[in-house]
Amino acid sequence: MRWTDFLLPTLKETPAEAETQSHKLMLRAGLIRKLSSGIYNMLPLGLRVTQKVASIVREEMNRIGGLEILMPILSPAELWEESGRWGIYGKELMRVRDRHGRFFALGPTHEEIVTDIIRGEVRSYRQLPLTLYQIQTKFRDEVRPRFGVVRAREFLMKDAYSFHRDEASLAETYDKMYEAYTRIFTRCGLRFGPVEADSGAIGGDVTHEFMVFAETGESRVFACDCGYAATEDTAECVIDVPEGSQGARGLEKVETPAMKTVEEVTAFLKKEPRQLIKTIVYNVEGEYVAVLIRGDREINEVKLAKVLGTPNIGMATAEDIEKVTGGPLGFSGPVGLKDVRIIADRTVTGACNMVTGANEADVHYVNVTLGRDFEVTGFHDLVLVEAGDICIRCGKPLATWRGIEVGQIFKLGTKYSKIMKATFLDEEGKEHPFVMGCYCIGITRTVAAAIEQHNDKDGISWPISIAPFEVHVLPTNVTVRELKDTAEAIYNGLMAEGIQVLLDDRDERPGNKFKDADLVGTPIRVTVGEKSLKEGKVEIRMRKSGEVTKIEKGDAIARIAEVVREEKKKLEA
RNA sequence: CGGGGCGUAGCGCAGUCCGGUUAGCGCACCUGCUUUGGGAGCAGGGGGUCGGAGGUUCAAAUCCUCUCGCCCCGACCA
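Residues numbered from 1 in each chain as written. Chains lettered and ligands numbered in written order. Predicted model: local features only at pLDDT ≥ 70, side-chain atom pairs only at ≥ 80, totals over all residues. Heavy atoms only, no water.

Describe the pattern of salt bridges, listing the residues and the values that go with them.
In total, this model carries 40 salt bridges according to the counting rule given. For R153, the salt bridge identified is with D141, shortest N-O distance 3.6 Å. Taken as a pair, R153 in the loop between β7 (130–139) and β8 (154–164) and D141 in the loop between β7 and β8 lie far apart in primary sequence, twelve residues in all. Here the salt bridges do not stand alone but share partners, grouping E59, E60, R63, R183 and R187 into one network. (Salt bridge = Lys/Arg side-chain N within 4 Å of Asp/Glu carboxyl O. Helix = DSSP H or I, 4+ residues; strand = E, 2+ residues; numbered from the N terminus.)

Tell me about the sheet that holds strand β31 (residues 548–552), and please be specific about residues and values.
Read from one edge to the other, the open sheet built from five strands follows the order β28-β27-β29-β30-β31, with strand pairing classed as mixed. One side of each edge strand has no neighbouring strand; the edge strands of this open sheet are β28 (501–503) and β31. For this sheet, the mean inter-axis angle between neighbouring strands, taken without regard to orientation, is 25 degrees. Here strand β30 (residues 537–542) pairs with β31 via five bridges, running antiparallel. Of the residues in β31, the one forming a bridge with K537 is E552. Sheet strands touched by helix α13 (residues 510–520): β27 (471–475), β29 (524–528) and β30. Its angle to β27, the strand with the most contacts, is close to 175 degrees. In the packing of helix α15 (residues 556–570) onto the sheet, the strands contacted are β27, β29, β30 and β31, and the crossing angle to β30 comes to about 10 degrees. (Pairing = 2+ DSSP bridges. Axes fitted to C-alpha atoms, helices over the stretch in contact; angles between N-to-C directions. Contact = heavy atoms within 4.5 Å.)

Hey, could you go over the environment of S162 for me, with residue numbers and the actual values?
Examined against the element boundaries, S162 turns out to sit in strand β8. A residue is classified by how much of its surface remains accessible, and S162, at 0% relative accessible area, is buried. Separated by 366 residues in sequence, S162 and V528 have C-alpha atoms that sit 52 Å apart. (Buried < 20%, exposed > 50% of the residue type's maximum accessible area, 1.4 Å probe, protein only.)

Can you lay out the protein's contact with RNA strand B for me, pointing to particular residues and giving the numbers?
The local shell around RNA strand B holds 53 residues, among which E92, R144, R151, E405 and D518 are the closest. Here, RNA strand B places atoms within 4 Å of the protein, and 49% of those atoms are sugar or phosphate. Between G407 and RNA strand B, the recorded distance is 3.0 Å, taken from a backbone N or O atom to a sugar or linking oxygen. The backbone of G529 places a nitrogen or oxygen atom 3.3 Å from a base oxygen of RNA strand B. If you list the elements that add at least two residues to the surface near RNA strand B, you get β1 (32–36), β8, β21 (399–413), β24 (435–442), α13, β29, α14 (530–533) and β30. Among the elements that make up the surface near RNA strand B, the one with the highest residue count is α13 (seven residues). Tallied by class, residues from the surface near RNA strand B come to 15 nonpolar, 14 polar and 24 charged. (Near = heavy atom within 4 Å. Polar contact = N/O pair within 3.5 Å; in protein donor to acceptor, adjacent residues only side chain to side chain. Nonpolar A, V, L, I, M, F, W, Y, C, P; charged D, E, K, R; others polar.)

Now the structure itself:
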């Protein structure tokens, strides 16, 4: 491609709206332009990268036997009502109405639609397993679109769905997907990690998220050298449980004037936060539940929601707390608490001689002991893991890092097939619901994640597998005949080798061209300038290392083609 | 939805508090000349409903009311 025939609008200054490196660089290097909040135009350069990522994904899906299909973006409300998600998906589901007043959803994901296809077309166990996938625009009315294409309201996603006769078959496909995902992100040149995760609105029990390591990532992950890795929502850790209740001292009330926080109370009583039990009252769909956790730890609300069996939980208001406990906010405790379900984190197991609120203003209890002074209906793992906590697999401390979630794989089971009555017949003619899995990858998000990992002060530095061009040919001055002709010859020669080349044939000063070349980030740059050409040479410069080698003009095409092959080889999975 | 901030040329901004020339600067763009190895110089030029609507005033980018959009922080997720 000749630059002068292309639309590649680079920006010297960063638009004010951009916060993260990937967003800034996608705008500056002319990959995208914003149309509206969370909605982007994909310019030619951006599309080239997106399509490269998509084709790597397609190759790997096909390799494990996936069949590509294309489902419509618009889907009738009835299908969503059947699964129950028309109601529970919430405001994130974009809805439109046709001229007859019928409602449609703009697909955020397609479980209902594939399930509908399969229940119509597949009758026999002989047709299983079956994996269908598509690469398509998805819509989610995000509460807060952010970071450009990373959290957009309209984005490109690969979504695959597998159908099985039993869990064993699902497990097999799940493992193949896991490996395919590993190959995909490796081929894209990303540093990433699969982590155990929460299944959220899509449902199912077993699920892994694929995280690309990035400082600006929205997700926090805990990981251990032994291979254990999980998101903040699901991470578990070993809790040091104190000894039993021998040595319990007598329960006592103490004055704690205006001291509401753990820090205030423990400092006043000359105790450690871990000697106190926090009591947090939650409003669970109109009912109140008191949740106990040791004073030095925080509650993980995702775990709590799972234990309570509903995502609709929130902290009770100050007024509700007075009503429920009889005391003001900040002085709640389990002792004498009536008519409220009390559950506790494992840190409360064996609680002895602890401090708690007394459910009256400015008073706390000391020497509170489990079993003697209060009871709980159950112990659960509700703790929010922190860096340094102990790994449940190997006993070493957990490390923490941030990541961008680029894909997730789920074992759905029969959640959708049961409710939508999608069944097949086994050898004995017995009817069973399909066992399902679903597997997605954010294609446009992967592009952003790649930039987030591969950039420096000068711009993007693409892994060659997803670079919009493999080689950037840069004549320093196109008004000089010899420079122009040499550059053109190399350009044509490389194209004949099947290499994707961008020729900067603009009549610009060299400085501008160098700056733009670094910004756009093509991995290999060939500089055709007067200095070297006098000696009959051209220069190869690697974008990532800055390393320059001079080569004979006559060897250029063969040598460059070789460098391209070497670079590609490094990213093979 | 709650909290904070911003809308002035394609991009980045000043001017707004304290109303008063023809609304300004840098970059980008067009023409010409010079220049050509890391974001050139000179000269000339084009481009604005000052987000929108209403109001106050002799006079509004500037003051008041309403409204729309965008960004950031929190609850969501590929």
